[in-house]
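Spelled out from the first residue to the last, the chains are:
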Amino acid sequence: RSLWPVLYGEIMQAILAHRTTLVFVNSRGLCERLAQRLNALGDALFAAEDAPPRPAQGLVRPHHGSIAQDVRRETEALLKDGALRAIVATSSLELGVDMASVDLVILVESPGSVASGLQRVGRAGHGVGQVSQGLYFPKHRADLIEGAVVARRMLDGDIEPLDLPRNP
């Protein structure tokens with residue numbers, strides 16, 4: 001009765017409907033598992049007789065802080081060059097990385113804050129006149145409620161105030 005088989009299929013459909021996708025999760029373990037499962041599903045889809053050839057670099061790669069920096073940079077370059085369809089990432093791709101070619105951002109689990117949600121979804125749609133697109137897939141009921149509140153506040157521009165420490 002797991003929801004994951006449905007989520008895998010929905011996430012894969014979204015990835016295949018776009019040129020490049022970032023999938024954000026909140027833990028390294030989920031990052032690795034989801035990338036592995038999506039690649040397995042992709043292998044099954046590309047094995048069909050009428051399917052296009054499978055990308056040489058795979059369909060999806062994980063990206064998190066425990067992966068060597070040179071491997072992360074290679075993964076980023078493959079996505080930018082169009083040789084990779086998606087990256088499953090933790091917050092390692094949330095800030096400071098230019099991912100200009102991203103069409104869609106998928107959030108699996110609530111991002112936890114409005115600022116983080118905006119930062120993540122803002123990784124998509126960097127072209128002139130483009131609008132960032134994001135999809136949200138909750139893992140359980142409480143995650144659905146939190147994600148709905150975060151999404152509403154994102155749309156309203158209601159970002160949490162910054163708490164700057166004094167004399168750190």
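Refer to the structure printed above.
Procedures and definitions
- Residues numbered from 1 in each chain as written.
- Predicted model: local features only at pLDDT ≥ 70, side-chain atom pairs only at ≥ 80, totals over all residues.
- Heavy atoms only, no water.
- Axes fitted to C-alpha atoms, helices over the stretch in contact; angles between N-to-C directions.
- Helix = DSSP H or I, 4+ residues; strand = E, 2+ residues; numbered from the N terminus.
- Parallel < 35°, antiparallel > 145°, perpendicular 65-115°, else oblique.
- Contact = heavy atoms within 4.5 Å.
- Nonpolar A, V, L, I, M, F, W, Y, C, P; charged D, E, K, R; others polar.
- Expected span 1.5 Å × (residues − 1).
- Buried < 20%, exposed > 50% of the residue type's maximum accessible area, 1.4 Å probe, protein only.
- Arc of directions from axis to C-beta.
- Pairing = 2+ DSSP bridges.
- Core = buried A, V, L, I, M, F, W, Y, C linked by side-chain atoms within 4.5 Å.

Draft legend 1. Here's a closer look at the packing of helix H1 (residues 4-16) against helix H2 (residues 28-46). As a packed pair, H1 and H2 sit with axes 10 Å apart at the nearest point and diverge in direction by 70°. By the criterion of interaxial angle, the relationship of H1 to H2 is roughly perpendicular. Contact with H1, carried on its side by Trp 4, Tyr 8, Gly 9, Ile 11, Met 12, Ile 15 and Leu 16, involves Leu 30, Leu 34, Arg 37, Leu 38, Leu 41, Gly 42 and Leu 45 of H2 and no other residues of that element. Looking at side-chain class alone, the contact of H1 with H2 contains 11 nonpolar, two polar and one charged residues.

Draft legend 2. Molecular detail of H1. Over its 13 residues, H1 extends 18 Å from the first C-alpha to the last, a length consistent with the 18 Å expected when each residue adds 1.5 Å. Listing the buried residues of H1 in full gives Trp 4, Leu 7, Tyr 8, Ile 11, Met 12, Ala 14 and Ile 15. Viewed along the axis of H1, the buried residues span an arc of 160°, placing them on a single side of the element. Facing away from the buried surface of H1 by more than 90 degrees, the exposed residues are Pro 5, Val 6 and Gln 13. Next to the buried residues of H1 lie strand S1 (21-24), H2, strand S2 (60-63), strand S3 (86-89), strand S4 (104-108) and strand S5 (134-137).

Draft legend 3. Structural view of the sheet that holds S1. Read from one edge of the open sheet, five strands run S2-S3-S1-S4-S5, paired in parallel fashion. At either margin of the open sheet sits one strand with a lone partner, and together these are S2 and S5. The average angle at which neighbouring strand axes cross in this sheet is 20°, direction not considered. In terms of strand pairing, S4 meets S5 through four bridges, oriented parallel. The residue of S5 that forms the bridge with Ile 106 is Leu 135. The sheet strands contacting H1 are S1, S2, S3, S4 and S5, and the helix crosses S4 at an angle near 170°.

Draft legend 4. Here's a closer look at unusual backbone geometry. With a phi angle near 95°, Glu 109 is a residue other than glycine that sits in the positive phi range. Mapped onto the fold, Glu 109 is located in the loop between S4 and helix H4 (114-121). We classify Glu 109 as buried; its relative accessible area is 12%. The backbone of Asn 167 shows a phi angle near 50°, a positive value even though the residue is not glycine. With respect to the element layout, Asn 167 can be found in the segment after helix H5 (141-156).

Draft legend 5. Representation of the pairing of S1. Judged by which residues are buried, S1 turns out to be covered on both faces: Thr 21 and Val 23 on one side and Leu 22 and Phe 24 on the other are all buried. Alignment of S1 against S3, held across four bridges, turns out to be parallel. Each residue of the ladder has a partner; that of Leu 22, found in S3, is Ile 87. Two elements, S1 and S4, share four bridges in a ladder whose sense is parallel. Bridge pairing in S4 links Leu 22 to Val 105.

Draft legend 6. View of the nonpolar core. Membership of the largest hydrophobic core comes to 23 residues, with the highest contact counts inside it found for Ile 11, Leu 34, Val 88 and Val 108. Residue contributions to this core peak at seven residues, all from H1. Look past the residues within four positions of Leu 34 in its chain and what remains in contact with it is Tyr 8, Ile 11, Val 23, Val 25, Val 88 and Val 108. Within the second largest apolar cluster, 16 residues are counted, among which are Leu 79, Leu 84, Val 114 and Met 154.

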